[in-house]
Amino acid sequence: MYIALNWLKELVNCELAPEELAKTLTLAGFEVESIEDRNTWADGVVVGRVLTRIQHPNADKLSVCTVDVGGEEPLQIVCGAANVRAGILVAVATVGTYLPKVDLKIKPAKLRGEKSEGMICSLSELGLTKDSEGIYIFGGEDADTPAIGTDVRSLLGLDDVILDLSSTANRADALSMVGIAREVAALTGGTLKLPIVDMATIPAQPQLTVSVSEAQACNIYAATSIQGVEIAPSPQWLQRRLQAAGIRPINNIVDVTNYILLEWGQPLHAFDADKLQAVSGSETIQMGVRYAEKQGETLKTLDGQSRQLQAQNLLITARNVPVALAGVMGGESTEVSIGTQNIVLEAAIFDPVAVRKSARSQGGLRSEASTRYERGVNLAELETATHRAIELIVQLAGGKISSQAIIDRRPDLTLQPRTIKLRLERLNQILGPIDDDGEPGEISPEDVERTLTALGCQLVVTEGEIEETVWNVVVPPYRYRDLEREIDLIEEVARLYGYDRFMDTLPSESTAGFLSLDEELLRRIRAAFRAVGLNEVIQYSYALEKLNNGSQVEIVNPMFTEYSTLRSELISGLIHSFQTNLAQGNGALQGFEISKIFGRDETGLIETDVLAGIIGGDPGIGRWTTGGKPQPLSWFEAKGILESVCHSLKIPVEYQADRSDPKLHPGRTASLWLQGQKMGYFGQLHPQLRQEKDLPAAVYVFQLNLDPILNYLAAEERLVPVFKNYSTFPASDRDIAFFASVDLSLADIQKSITKAGGELLEAVEVFDEYRGANVPDGQRSLAIRSIYRALDRTLTDADVEPLQQKIRDVLVEKFRVTLRS
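Enquirer: Explain the sheet that holds strand E34 (residues 604-616) to me, please; I cannot follow it from the model alone.
Expert: Whenever strands of a sheet pair, they do so through backbone hydrogen bonds, lying parallel or antiparallel. With mixed pairing, the seven strands of this open sheet are ordered in space as E30-E33-E34-E38-E37-E36-E35. Edge strands, defined here as strands with exactly one partner in the open sheet, are strand E30 (535-536) and strand E35 (653-657). Here helix H14 (residues 517-531) sits on the sheet and contacts E30, strand E33 (591-601), E34 and strand E38 (699-705); the angle it forms with E33, its principal contact strand, is near 130°. On the sheet, helix H18 (residues 706-713) packs against E33, E34, strand E36 (664-674), strand E37 (677-685) and E38 and is oriented at approximately 65° with respect to E38.

Laid out in structure tokens, this is it:
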């Protein structure tokens with residue numbers, strides 16, 4: 001928020017220099033991001049009167065003017081503005097002036113042969129507006145004010161300093177000049193000088209009524225009818241204050257509502273009363289608040305956009321016809337314009353969640369009003385802001401207050417004030433010692449009472465048997481949204497007492513840090529995947545696709561409508577990243593991700609830690625050996641990458657054919673098992689999905705549940721490496737070839753061979769598979785090598801042949817194979 005120091009000093013006595021004030025606010029938790037000294041924008045610009053104006057002899061669009069700026073002689077200035085004429089008062093940049101907003105230093109010059117000794121300025125050249133149609137002419141209320149040669153900065157509001165201040169999300173009260181003035185008063189001890197507002201009661205009339213069907217979304221709605229207003233530009237003081245805050249002046253009615261928004265933090269909206277009657281088709285104006293319900297309801301907002309209304313849009317209606325998005329933006333059909341004579345002024349408190357959902361459902365529509373409503377508008381000062389706005393409207397636009405209709409369901413904060421128990425011992429325990437002339441000390445009760453009283457709190461010391469100091473602190477209504485617990489009060493004391501006044505203390509003893517077992521194991525897993533060439537991917541936890549099976553977890557308050565659910569698997573996100581990599585020209589993604597997925601079961605919401613990856617494309621760096629053509633990975637090559645990781649981690653994984661996932665190729669997918677427990681799957685993407693996503697010829701994915709892997713690696717016997725003797729004697733190998741049904745699992749065959757081979761069997765390798773001529777239908781030819789080795793001797797045929805025969809018998813009896821050797 002932009003804070004104009006001149007305006008701030010009207011609300012609170014503050015003698016601090018801008019830099020010192022910025023430092024004080026920053027240390028108190030309100031970061032001042034920049035200080036803009038507007039005095040430099042027009043240093044050397046004075047009021048001048050155009051005495052004569054003639055056409056430039058050598059240019060159709062230029063004028064040669066003589067201008068009196070209070071010097072000994074008038075200046076001759078060449079001007080290109082169409083609205084320059086004799087007799088007007090203008091802003092003149094004299095020779096030597098530097099205009100930082102247009103990066104121009106004024107020098108004597110000749111323009112098309114005529115000398116020019118200065119420049120007549122527009123507001124855009126002085127930094128007050130982005131665009132100007134011509135030079136600025138002092139007139140209206142300024143006609144008799146400026147004297148020739150007067151510095152224009154005080155006339156144009158440029159004798160000011162603007163602080164760009166940001167506040168935390170819990171401090172909605174800081175989005176107003178009054179809120180910042182209260183904060184400055186508490187920090188500096190200055191006296192508040194808030195505007196005195198006449199709170200006279202306004203009578204109700206049957207011609208104006210209010211109906212609120214959504215009490216939770218709107219607990220107070222006030223509509224005030226003002227008749228006979230005259231629409232005109234706002235006075236210069238009001239326009240300057242809005243411009244200093246980055247708001248464009250429009251007209252006196254709209255500018256007053258924006259002024260109150262800046263001053264009190266209370267959004268207001270003015271409707272054209274006659275247009276409300278026309279929209280509703282009735283002379284009686286009935287304002288309402290409801291959610292969009294009807295199919296196909298639309299509303300054209302003030303930005304000119306015709307918006308299709310959603311069910312979560314909270315609406316302001318006139319006889320049930322939508323006229324505004326509540327708390328976000330008004331409607332074009334009822335806006336205040338140059339012909340407006342009667343208005344209805346709206347003041348309301350809308351629920352932050354309702355406004356946030358409504359704004360996001362319209363593509364993230366944001367406004368100054370919605371920013372404040374989303375943080376929470378002060379419940380207690382709506383009437384003050386409303387009557388202040390009414391006073392200014394009557395003062396600046398005339399008119400007569402006709403009637404007011406109110407529906408108020410707010411809790412009565414005066415009958416049930418919030419009282420928080422605050423313990424001095426707890427406060428000092430949390431905050432630690434203060435620097436008391438180099439010695440550690442404690443915050444005194446007097447400092448606590450002074451600090452919280454400055455914030456508007458009321459403190460009463462409790463009486464009891466305990467010796468420690470305890471207060472009952474009554475929170476002011478304008479701080480109800482952020483002062484809720486004892487710790488909040490402790491934070492306020494620390495903030496206003498000064499963080500820099502606490503001692504720098506270090507722990508007396510420090511303990512060496514360490515990693516948890518799970519973190520150590522996760523680091524080993526990450527290192528294993530990086531070792532095989534995969535890059536770690538980190539993605540958002542949102543689901544890219546919304547399913548209709550009810551298994552996904554919906555977010556109550558999503559950042560965007562397309563990210564309204566949490567992901568139930570990681571593969572979709574990895575595929576999206578794969579596509580993005582290709583689109584950016586970065587080649588195929590070889591990546592893995594370790595993260596959480598979310599779901600539901602009969603017990604409620606569940607989180608699961610999973611490991612997923614994607615492999616595809618040609619992983620080779622150069623393609624000169626293939627004539628420049630990419631060579632996609634085969635299923636076995638991709639599976640080998642995953643097996644290499646499992647081998648390095650010493651995880652004995654078993655593969656079984658699987659057809660359950662429709663995203664994967666039914667003939668090239670396997671489930672992965674660890675000690676009889678299913679831990680995930682590996683497979684090639686289904687050709688149809690690959691075609692839809694425009695992916696390379698072969699892309700492989702895997703997703704594993706982390707719990708079985710971590711539990712296996714965390715077993716005590718596997719945490720400490722154990723040396724295993726190796727044999728110094730040669731191995732003896734035997735080959736066996738046979739016909740086997742294509743339906744048989746090779747993993748089952750290898751498992752049976754390993755069991756039959758006993759302790760002497762060191763390894764089992766499949767080295768050949770053949771299908772085609774001379775192989776019976778429905779079968780394949782397999783060749784398997786069994787490798788035997790002993791620790792204490794060289795094996796003979798007498799040692800190996802019985803074991804090899806046992807393997808043959810198992811293959812024939814259990815798997816019904818036909819031996820070829």
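Enquirer: Just checking my understanding: could you explain the pattern of salt bridges for this structure?
Expert: Any two side chains of opposite charge can pair, on the condition that their charged atoms come close. A complete count under the given rule lists 42 salt bridges for this structure. Residue aspartate 43 pairs with arginine 153 through a salt bridge whose shortest N-O separation is 3.7 Å. Taken together, the positions of aspartate 43 in the loop between strand E2 (31-37) and strand E3 (45-55) and arginine 153 in helix H3 (residues 153-156) put the pair 110 residues apart, joining distant regions of the chain. The class of arginine 153 is buried, set by a relative accessible area of 17%. In this structure, arginine 372 engages glutamate 368 in a salt bridge whose closest nitrogen and oxygen atoms are separated by 2.8 Å. With arginine 372 and glutamate 368 both in helix H9 (residues 368-375) and four residues apart, this pair spans about one turn of that helix. In the salt-bridge network here, residues are joined through shared partners; they are Arg171, Asp173, Glu183, Arg479, Asp482, Glu492 and Arg495.

Enquirer: Would you mind showing me how to read the packing of helix H12 (residues 445-454) against helix H13 (residues 486-497) here?
Expert: The packing of two helices is summarised by the inter-axis angle and the distance between the axes. Axis separation between H12 and H13 bottoms out at 9 Å; the angle between their running directions is 95°. With respect to each other, H12 and H13 are oriented roughly perpendicular. From H12, Asp447, Val448, Arg450, Thr451 and Leu452 reach across to H13, where they touch Leu489, Glu492, Val493, Leu496 and Tyr497. For the contact of H12 with H13, the residue count by class is six nonpolar, one polar and three charged.

Enquirer: Looking at this structure, I do not really get the nonpolar core. What am I missing?
Expert: Grouped burial of nonpolar side chains is what soluble globular proteins tend to show. Grouped together as the largest cluster of nonpolar side chains are 96 residues, with contacts concentrated most on Leu8, Tyr221, Met287, Ile316 and Phe350. It is helix H6 (residues 252-264) that contributes the most residues to this core, eight residues altogether. If sequence neighbours within four positions are ignored, methionine 287 has contacts with Leu208, Thr209, Val210, Ser211, Tyr221, Ala223, Phe271, Leu276, Ile316 and Thr317. Counting residues in each nonpolar core, the second largest holds 35 residues, with Ile641, Leu642, Leu649 and Phe682 among its members.

Enquirer: What is the right way to read the sheet that holds strand E39 (residues 732-741) from this model?
Expert: The strand order across the open sheet formed by four strands is E40-E41-E39-E42, and the pairing between neighbours is antiparallel. In this open sheet, the two strands that pair with only one neighbour each are strand E40 (761-770) and strand E42 (818-819). The sheet contact formed by E39 and strand E41 (residues 779-788) spans 10 bridges and is antiparallel. Within E41, the position partnered with phenylalanine 738 by the bridge is leucine 782. Contacting E39, E41 and E42, helix H21 (residues 797-815) crosses the sheet at an angle of about 10° to E39.

Enquirer: In this structure, what is going on with H12? I would like to understand it.
Expert: In an α-helix, one full turn covers 3.6 residues, which means residues spaced three or four apart are oriented alike. Among all positions of H12, only Asp447, Val448, Thr451 and Leu452 are buried. Along the long axis of H12, the arc covered by the buried residues comes to 115°, so they all point the same way. Looking at the buried positions of H12, the neighbouring elements they touch are strand E25 (419-423), helix H11 (424-431), strand E28 (458-461), strand E29 (470-474) and H13.

Enquirer: What is the right way to look at the side chain of asparagine 378 in this model?
Expert: By the secondary structure assignment, asparagine 378 is in the loop between H9 and helix H10 (382-397). Among the residues examined, asparagine 378 registers a relative accessible area of 16% and is labelled buried. A polar side-chain atom of asparagine 378 sits 3.0 Å from the main-chain amide nitrogen of alanine 380. Engagement of the side chain of asparagine 378 in a polar contact is seen with the side chain of glutamate 381, the distance being 2.8 Å. Excluding anything up to four places from it in sequence, asparagine 378 contacts Gln266, Ile349, Pro477 and Tyr478.

Enquirer: What should I look at first to understand a nonpolar patch on the surface in this one?
Expert: Taken together, the side chains of Leu517, Leu719 and Val720 present a nonpolar region at the surface, about 240 Å² in accessible area. Mapped onto the fold, leucine 517 is located in helix H14. Exposure remark for leucine 517: the relative accessible area of 36% places this residue in the partly exposed category.

Enquirer: Would you explain the environment of lysine 629 in this entry?
Expert: Within the element layout of this structure, lysine 629 appears in the loop between E34 and helix H16 (635-649). Taking the C-alpha atoms as reference points, lysine 629 and serine 516, 113 residues apart in sequence, are found 47 Å from one another.

Enquirer: I tried to follow the packing of aromatic side chains on my own but got confused; where do I start?
Expert: For any pair of aromatic rings, geometry is given as the distance between the ring centres together with the angle between the planes. Summed over the entire model, instances satisfying the criterion amount to 12 aromatic pairs. Judged by centre distance (5.7 Å) and plane angle (90°), the ring pair of tryptophan 237 and tyrosine 259 falls under edge-to-face. In this pair, tryptophan 237 is assigned in helix H5 (residues 236-244) and tyrosine 259 in helix H6, connecting sequence segments 22 residues apart. On the accessibility criterion, tyrosine 259 (2% relative accessible area) is buried. Considering the side-chain rings of phenylalanine 682 and tyrosine 700, the 6.2 Å spacing of their centres and the 10° angle between planes classify their relative orientation as stacked. Residue phenylalanine 682 is found in strand E37, and its partner tyrosine 700 is found in strand E38; the two are separated by 18 residues along the sequence. There is no split in this pair, since phenylalanine 682 and tyrosine 700 are both buried. Ring pairing ties together the aromatic residues Trp635, Phe636, Phe682 and Tyr700, which thus form one cluster.

Enquirer: What is the right way to read unusual backbone geometry from this model?
Expert: Keep in mind that most residues, glycine aside, have a negative phi and that most peptide bonds are trans. Even without glycine at this site, aspartate 103 takes up a positive phi of about 50°. According to the relative accessible area criterion, aspartate 103 is exposed, its value standing at 57%. For asparagine 774, which is not glycine, the phi dihedral falls at a positive 70°.

Enquirer: Please clarify how the layout of surface pockets should be interpreted in this entry.
Expert: The method is simple in principle: a probe with the dimensions of a water molecule rolls over the atoms, and the space it marks as empty is what remains. Approximately 1600 Å³ is the volume attributed to the largest pocket. In this structure, the largest pocket is lined by 40 residues; those nearest its centre are Trp635, Lys639, Tyr655, Leu746 and Ala747. Elements supplying a minimum of two residues to the lining of the largest pocket: H16, E35, E36, helix H20 (746-757), E40 and E41. By residue class, the composition of the lining of the largest pocket is 19 nonpolar, seven polar and 14 charged.

Enquirer: Sorry, what's going on with H20 here?
Expert: With 12 residues, H20 extends 16 Å from end C-alpha to end C-alpha; this agrees with the ideal 16 Å at 1.5 Å per step. Of all the positions in H20, only Ile749, Ser752, Ile753, Ala756 and Gly757 are classed as buried. Along H20, the residues classed as buried sweep out an arc of 130° about the axis, all on the same side. Packing partners of the buried residues in H20 comprise E39, E40, E41 and H21.

Enquirer: What exactly am I supposed to notice about the packing of H14 against H16 here?
Expert: At their nearest, the axes of H14 and H16 sit 9 Å apart, and the two run at 140° to each other. Our classification of the angle between H14 and H16 gives oblique. Crossing of H14 over H16 shows right-handed handedness. For the pair H14 and H16, contact is made by Arg524, Ile525, Ala528 and Phe529 and by Leu642, Val645, Ser648 and Leu649, respectively. Looking at the contact of H14 with H16 residue by residue, the classes come out as six nonpolar, one polar and one charged.

Enquirer: Please explain the pairing of strand E15 (residues 218-227) as it appears in this structure.
Expert: Regular strands have side chains that alternate between both faces of the sheet. Across the 10 residues that make up E15, a large majority, nine, are buried. When E15 meets strand E23 (residues 342-350), the two strands line up antiparallel, connected through nine bridges. When the bridges of E23 are listed, isoleucine 226 appears paired with isoleucine 343. In terms of strand pairing, E15 meets strand E24 (residues 400-408) through eight bridges, oriented antiparallel. Directly across from isoleucine 220, in E24, lies its bridge partner aspartate 408.

Criteria and thresholds
Residues numbered from 1 in each chain as written. Predicted model: local features only at pLDDT ≥ 70, side-chain atom pairs only at ≥ 80, totals over all residues. Heavy atoms only, no water. Pairing = 2+ DSSP bridges. Helix = DSSP H or I, 4+ residues; strand = E, 2+ residues; numbered from the N terminus. Contact = heavy atoms within 4.5 Å. Axes fitted to C-alpha atoms, helices over the stretch in contact; angles between N-to-C directions. Salt bridge = Lys/Arg side-chain N within 4 Å of Asp/Glu carboxyl O. Buried < 20%, exposed > 50% of the residue type's maximum accessible area, 1.4 Å probe, protein only. Parallel < 35°, antiparallel > 145°, perpendicular 65-115°, else oblique. Nonpolar A, V, L, I, M, F, W, Y, C, P; charged D, E, K, R; others polar. Core = buried A, V, L, I, M, F, W, Y, C linked by side-chain atoms within 4.5 Å. Arc of directions from axis to C-beta. Polar contact = N/O pair within 3.5 Å; in protein donor to acceptor, adjacent residues only side chain to side chain. Patch = residues over 30% accessible without salt bridge, like charges linked within 9 Å, V, L, I, M, F, W, Y side chains within 5 Å. Areas by Shrake-Rupley, 256 points an atom, 1.4 Å probe, with all protein chains shown as cover. Phe/Tyr/Trp six-rings, centres within 6.5 Å; stacked < 30°, edge-to-face > 60°. 1 Å grid on protein atoms, 1.4 Å probe; cavity = no way out; pocket = protein on both sides within 12 Å on 5 of 7 lines; lining within 4 Å. Points joined across faces, edges and corners; volume = space filled by probe spheres on them. Expected span 1.5 Å × (residues − 1). Left-handed = near helix turned anticlockwise from the far one by under 90°.

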